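Listed below are the residues making up each chain.
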Protein chains: 2
Amino acid sequence: MTPYDDLMAFQRETEALSQVAGRLGWDQETMMPRGAAPQRAEEMAAMQSVLHARRVAPQVAEWLEKIDAATLDDVGRANLRHIRRDYDRASRVPAALAARIARVTSEAQGIWAEARANDDFASFAPTLTEVIALKREEGQALAAGGDVYDAMLQDYEPGTTGAEIEAMFGAMRPVMSDLRAAVREAEAPPRLTHSFDEPAQMKLTRQLARAFGYDMSHGRVDKAVHPFSSGSGLDVRITTRTNETDPFNCFYSTIHEVGHAAYEQGIDRAHLLTPVGQGVSMGVHESQSRIYENQIGRSRAFTGWLYGQMREAFGDFGVADAETFYRVVNRVHDGYIRTEADELQYNLHVLMRFDLERALVSHDLQVADLEAAWNDRFEADFGYRVDRASNGVLQDVHWSVGLLGYFPTYSLGNLYAGCLHEALRAAIPDLDVQLAQGDTSAATGWLREHVQSHGGVFEPREVIERATGQAPSEEPLLRYLTAKFSELYSL
Amino acid sequence: MTPYDDLMAFQRETEALSQVAGRLGWDQETMMPRGAAPQRAEEMAAMQSVLHARRVAPQVAEWLEKIDAATLDDVGRANLRHIRRDYDRASRVPAALAARIARVTSEAQGIWAEARANDDFASFAPTLTEVIALKREEGQALAAGGDVYDAMLQDYEPGTTGAEIEAMFGAMRPVMSDLRAAVREAEAPPRLTHSFDEPAQMKLTRQLARAFGYDMSHGRVDKAVHPFSSGSGLDVRITTRTNETDPFNCFYSTIHEVGHAAYEQGIDRAHLLTPVGQGVSMGVHESQSRIYENQIGRSRAFTGWLYGQMREAFGDFGVADAETFYRVVNRVHDGYIRTEADELQYNLHVLMRFDLERALVSHDLQVADLEAAWNDRFEADFGYRVDRASNGVLQDVHWSVGLLGYFPTYSLGNLYAGCLHEALRAAIPDLDVQLAQGDTSAATGWLREHVQSHGGVFEPREVIERATGQAPSEEPLLRYLTAKFSELYSL
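Counting its regular elements, chain A contains 20 helices and three strands. Rg of the C-alpha trace for chain A: 23 Å, near the compact-globule value of 23 Å for 491 residues, within the 12% margin. A principal-axis box enclosing the C-alpha atoms of chain A has dimensions of 65 × 50 × 50 Å. The burial tally for chain A puts 45% of its 491 residues in the buried class. Within chain A, contacts between residues separated by at least 24 positions form 74% of all contacts whose residues are at least 6 apart in sequence.

Written as structure tokens, this is what we have:
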């Protein structure tokens, strides 16, 4: 046994325990009896305590010291990179600070939920101030003199910087604003008006999951309040939700989560329960969920097939033909809420959060001024004013639980999806012929080969570059959105 | 913080982790996608490795040394007793032997399953020989010079001995054999002949669970191949199964598992996630499942109510009246399989396994002679010969996975249930009036107060003595069975 073998054996057990903790989370959202919550909190805390102890275990440092990276292959070096990054991160943050963040964010979530219910930002502001101060302290410990926000980003999108993101997002904003303004002046497609049986939605949603290559022998589909994907390797479960008047919520939540799950299911099995055996970053993860959901799932070709499936499942639901259906699916609509936004406007929500949270971290913006800053920026980008805090600054849970640096990965994912989509279309010119039959296998096969199978072997940016032959850029996404919505709205 | 506080804080985390491991087991039997099995094996092994390390942690020994038991109350002393017993057990067995047992029994289970499918005991015999040799070695390490089988018993029924069980079982055998012979000569009640819709069975089974006080806000009912109860404290889940032609399989599996679950749900909440926060032994556990299932669930009064519920759920199912239904439920039938045996014959199966496994452990019986010994004993007790190994010596998984000393707890449970039932009837003379209304609350309330709430505070034998005012004995069970089946079969 070399020191690398020892480290990997230890790590394999850690990864297995981490999967167990993830499964507990899945259970909590799907199966757990409601009265079990207090006990579950102790079970989760015990698992986290075990995992933390392993992350900062002295023998990990010893092994890391002894290993000669030059003797390893690409995969070995990638594993080492992940382990070293986790170890450094865990050991740089003082235990007392980590414990304090855990406690404060756990309480903050409840305070946020109550503030949101009361549309009362002021009652949440002191808590948010504390969360940001603590996360800033953590960021300083991690940054070791470098940029604090950049250090925060590494937890979600290793290798990227705030400046890099700012450049890309800055280029996206005016194009999307203009496109959005033009769309809003054009004639809108109709909406769905019928009611859709929920068991039939679940049946069709499972069919959609399979159509997108979701492997039911290594996963399952259940209902949850907020859809999510959970687990890596041989056990990757997804959830969705149903709403009688909005079956697209169910179907596109499923396709989105199948994108995440396909990434985890599609990683080379040789990497099972190793550090590279998971999706490499939140951004690349989101690129998979978004390209499944939007570039493929909301394409004219695929919605043509979906229209037929919905007719079979629900009969005549008031949409006359496939072309109208395509327009209904891609309808651009006003709203305040990020998670309900359409493909065109979604990124405007994210760009705004990125700028605001970066300003909060850098002290350029104070929490006391956050609500006003939010409302002004929203009005500037969307053309109407936020009517209440739950539709504005209080809508997302993220900041309350200390997620700073997470929001931009949503739009990075869209941006990566744009890059991958151009490369995919170039590689498979007749893709629409297959999508029109409900056959996504060529598309998902290409993504599996060029993105998913690698897991964490390459850094996020490198994944996109290797798959597309080019550095990530906002341009492909902007070309795609402009072409799609100009055509849809006859601009 | 006293050393006791430190120990208990550590132990609380261990108990939480043990609950997590249990929940993984539940998931495996109910929800897990089939392709996840290899990964799950690693997850379970990682959890067991964490739990083992905690059981033999040096700081536990240090705390145990420092604590002055005289300063503790009853509960504290009981917690200490459990922790010390676990620590001694875990540290007496050499790690290499424990690992070998884990590996061999894991393989043995597959070999047993194949041998059973082929009705070929010879192909399993070498493996069983190895399992018994390893478990004997473990037993010797645990016995420290004492009786090896007694040492094995401590894992399942602390405080009891083989000699004590032999005396009770020896007294049971002739009485049950005679009763059985008389019943077989009498006229048999009819059988069910209709078919019973499975969703309706599940609906009624949940109603039955609630009727027996199962708390759905701290549990849930799912289907599994082999019914079981899982978890302690605030999350105690049960499973059942359905069979279109045999709804009793579903209903009485549920009631049985509710008995186990009620024990765990009924433990004083002050003991949550502490060593005394679980059922004290397999025997006392089985006393709860059996008294729910048999003495209450198969009573004339309760089956009268159940008959009405089944008429409501299934319409006329070919049983004319409640009295006939009572006889159908309690029908004594020939068979080879322990788990399918009726209340009267079940213990004859267990007594036989107890004698055989004790002889195997003491070298009085060789594995090579086990099948013949089984078949001869079966013929002596049941009056007909085993037709094939899967109906005989290969029917149970227990020995293959190294469970030696476990079988007798099934009949100990029945014996304890007999004791508790006499005390319960004496305490609540009009119990049948309530049972006839489907109201088990007085019965389950008495059991909760006198047995369940104590968890592991008292030793198993003491639990029964405190509840009944008498030492455990086979006599109440024999009186109950003799009276019930003499009356049922007009002997």
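Anyway, onward from the coordinates.
Residues and elements named next belong to chain A. The interhelical angle for the contact between helix α14 (residues 346-361) and helix α15 (residues 370-382), taken along N-to-C directions, is 150 degrees, at an axis separation of 11 Å. Classified by the angle between their axes, α14 and α15 sit roughly antiparallel to one another. Crossing of α14 over α15 shows right-handed handedness. Here Leu-348, Met-352, Leu-356 and Leu-360 of α14 lie close against α15, whose contacting residues are Leu-370, Ala-373, Trp-374, Arg-377, Phe-378, Asp-381 and Phe-382.

Take chain A, turn it by 179 degrees, move it 0.0 Å along the axis, and it overlays chain B with an RMSD of 0.1 Å. What we have between these two chains is a two-fold relation.

Three or four residues apart is the spacing at which side chains of an α-helix point the same way, because the helix has 3.6 residues per turn. All names here are of chain A. With 14 residues, helix α20 (residues 475-488) extends 20 Å from end C-alpha to end C-alpha; this agrees with the ideal 20 Å at 1.5 Å per step. Those residues of α20 that sit buried are Pro-476, Leu-477, Tyr-480, Leu-481 and Phe-485. Each buried residue of α20 sits inside an arc of 135 degrees when the element is viewed along its axis, so together they form one side. Structural note: α20 exposes Ala-483 and Glu-487 on the side pointing more than 90 degrees away from its buried face. On its buried face, α20 sits against α8 (162-185), α11 (282-296) and α16 (408-427). Phi for Ser-490, located one or two positions after α20, is positive at around 50 degrees.

Each strand in a sheet pairs with its neighbour through backbone hydrogen bonds, running either in the same direction (parallel) or in the opposite one (antiparallel). Residue and element names in this part refer to chain A. Read from one edge of the open sheet, three strands run β1-β3-β2, paired in mixed fashion. Every interior strand has two partners, whereas the edge strands, β1 (221-223) and β2 (229-230), have only one. Taken together, the two bridges between β2 and strand β3 (residues 237-240) define a ladder with antiparallel strand orientation. Note that in β3 the partner of Ser-229 across the bridge is Ile-238.

Contact residues are listed per partner, giving 33 residues for chain A and 33 residues for chain B. Elements with a contribution of two residues or more to the side of chain A that touches chain B: α1 (3-30) and α2 (37-55) of chain A. For the side of chain A that touches chain B, the leading source of residues is α2 of chain A, giving nine residues. In terms of residue class, the side of chain A that touches chain B is made up of 16 nonpolar, eight polar and nine charged.

Let us now look at the sheet that holds strand β2 (residues 229-230) of chain B. Residue and element names in this part refer to chain B. Across the sheet, which stays open at both edges, the three strands sit in the order β1-β3-β2 with mixed pairing between neighbours. Edge strands, defined here as strands with exactly one partner in the open sheet, are β1 (221-223) and β2. Contacts between helix α10 (residues 247-266) and the sheet are confined to β1, β2 and β3 (237-240), with β3 contributing the most and set at about 160 degrees to the helix.

Looking along a regular strand, one sees the side chains alternate between the two faces of the sheet. All names here are of chain B. Of the two faces of β3, the one holding Arg-237 and Thr-239 and the one holding Ile-238 and Thr-240 are both buried throughout. Here β1 runs beside β3; their pairing, made up of three bridges, is parallel. Its bridge partner lying in β3, Asp-222 is registered against Thr-239. What sits between β2 and β3 in their antiparallel hairpin is a turn of six residues, with Gly-231 showing a positive phi close to 105 degrees.

In terms of nonpolar packing, the biggest core is built from 100 residues, with Phe-212, Val-258, Tyr-416 and Leu-420 of chain A touching the most fellow members. Viewed by domain, this core spans two of them, domain 1 (3-153) and domain 2 (159-491) of chain A, each represented by three or more residues. Val-236, Ile-238, Leu-415 and Val-451 of chain B belong to the second largest nonpolar core, which has 95 residues in total.

The subject of this paragraph is helix α15 (residues 370-382) of chain B. If you check α15 of chain B, its first and last C-alpha atoms are 18 Å apart, about what 13 residues at 1.5 Å a residue would give, namely 18 Å. Looking at the buried residues of α15 of chain B, the elements they touch are α14 (346-361) of chain B.

In this structure, Leu-273 of chain A takes a positive phi of about 55 degrees despite not being glycine. Owing to 23 C-beta atoms within 10 Å, Leu-273 of chain A belongs among the buried residues under this scheme.

Residues and elements named next belong to chain A. Taken domain by domain, chain A holds domain 1 (3-153) and domain 2 (159-491). On a C-alpha basis, the centres of domain 1 and domain 2 stand 26 Å from each other. Taken residue by residue, the interface counts 43 residues in domain 1 and 37 residues in domain 2. When residues of the side of domain 1 that touches domain 2 are assigned to their parent elements, the largest contribution, 12 residues, is made by α1. Considering only residue class, the side of domain 1 that touches domain 2 consists of 20 nonpolar, 11 polar and 12 charged.

The next thing to look at is the confidence of the model for chain A. In the predicted model, chain A carries a mean pLDDT of 96, and the fraction of residues at 70 or more is 100%. The ipTM, which scores confidence in the relative placement of chains, is 0.93 for this predicted complex, and the corresponding pTM is 0.94.

All names here are of chain A. Within the element layout of this structure, Leu-134 appears in helix α6 (residues 125-143). A sequence separation of 353 residues divides Leu-134 from Glu-487, and the C-alpha atoms of the two residues are 48 Å apart. If we ignore the near neighbours within four places in the chain, the residues touching Leu-134 are Leu-97, Arg-100, Ile-101 and Val-104.

Residue and element names in this part refer to chain B. Their axes nearest at 7 Å, the elements helix α16 (residues 408-427) and helix α20 (residues 475-488) cross at an angle of 80 degrees. One way to sum up the angle between α16 and α20 is to call them roughly perpendicular. Residues Asn-414, Leu-415, Gly-418, Cys-419, His-421 and Glu-422 of α16 form the contact with α20, whose participating residues are Pro-476, Leu-477 and Tyr-480. Here the residues of the contact of α16 with α20 are counted per class, giving five nonpolar, three polar and one charged.

Residue and element names in this part refer to chain A. Mapped onto the elements, Asp-73 comes out in the loop between α3 (58-66) and α4 (74-92). Owing to 8 C-beta atoms within 10 Å, Asp-73 belongs among the exposed residues under this scheme. Placed 20 residues apart in sequence, Asp-73 and Ala-53 show a C-alpha to C-alpha distance of 28 Å.

To continue, consider the environment of Gly-145 of chain A. All names here are of chain A. Topologically, Gly-145 is positioned in the loop between α6 and α7 (148-153). Residue Gly-145 is classed as exposed on the basis of its 7 C-beta neighbours within 10 Å. When the C-alpha positions of Gly-145 and Gly-22 are compared, they lie 33 Å apart, and in sequence the two are 123 residues distant.

The rules we used
- Residues numbered from 1 in each chain as written.
- Chains lettered and ligands numbered in written order.
- Predicted model: local features only at pLDDT ≥ 70, side-chain atom pairs only at ≥ 80, totals over all residues.
- Helix = DSSP H or I, 4+ residues; strand = E, 2+ residues; numbered from the N terminus.
- Rg over C-alpha atoms; globule rule 2.2 N^0.38 Å.
- Buried ≥ 20, exposed ≤ 12 C-beta atoms within 10 Å, placed from the backbone.
- Contact = placed C-beta atoms within 7 Å.
- Axes fitted to C-alpha atoms, helices over the stretch in contact; angles between N-to-C directions.
- Parallel < 35°, antiparallel > 145°, perpendicular 65-115°, else oblique.
- Left-handed = near helix turned anticlockwise from the far one by under 90°.
- Least-squares fit on C-alpha atoms with pLDDT ≥ 70 in both.
- Expected span 1.5 Å × (residues − 1).
- Arc of directions from axis to C-beta.
- Pairing = 2+ DSSP bridges.
- Nonpolar A, V, L, I, M, F, W, Y, C, P; charged D, E, K, R; others polar.
- Core = buried A, V, L, I, M, F, W, Y, C linked by C-beta atoms within 7 Å.
- Domains from an automatic or database assignment.
- pLDDT = per-residue confidence, 0-100.

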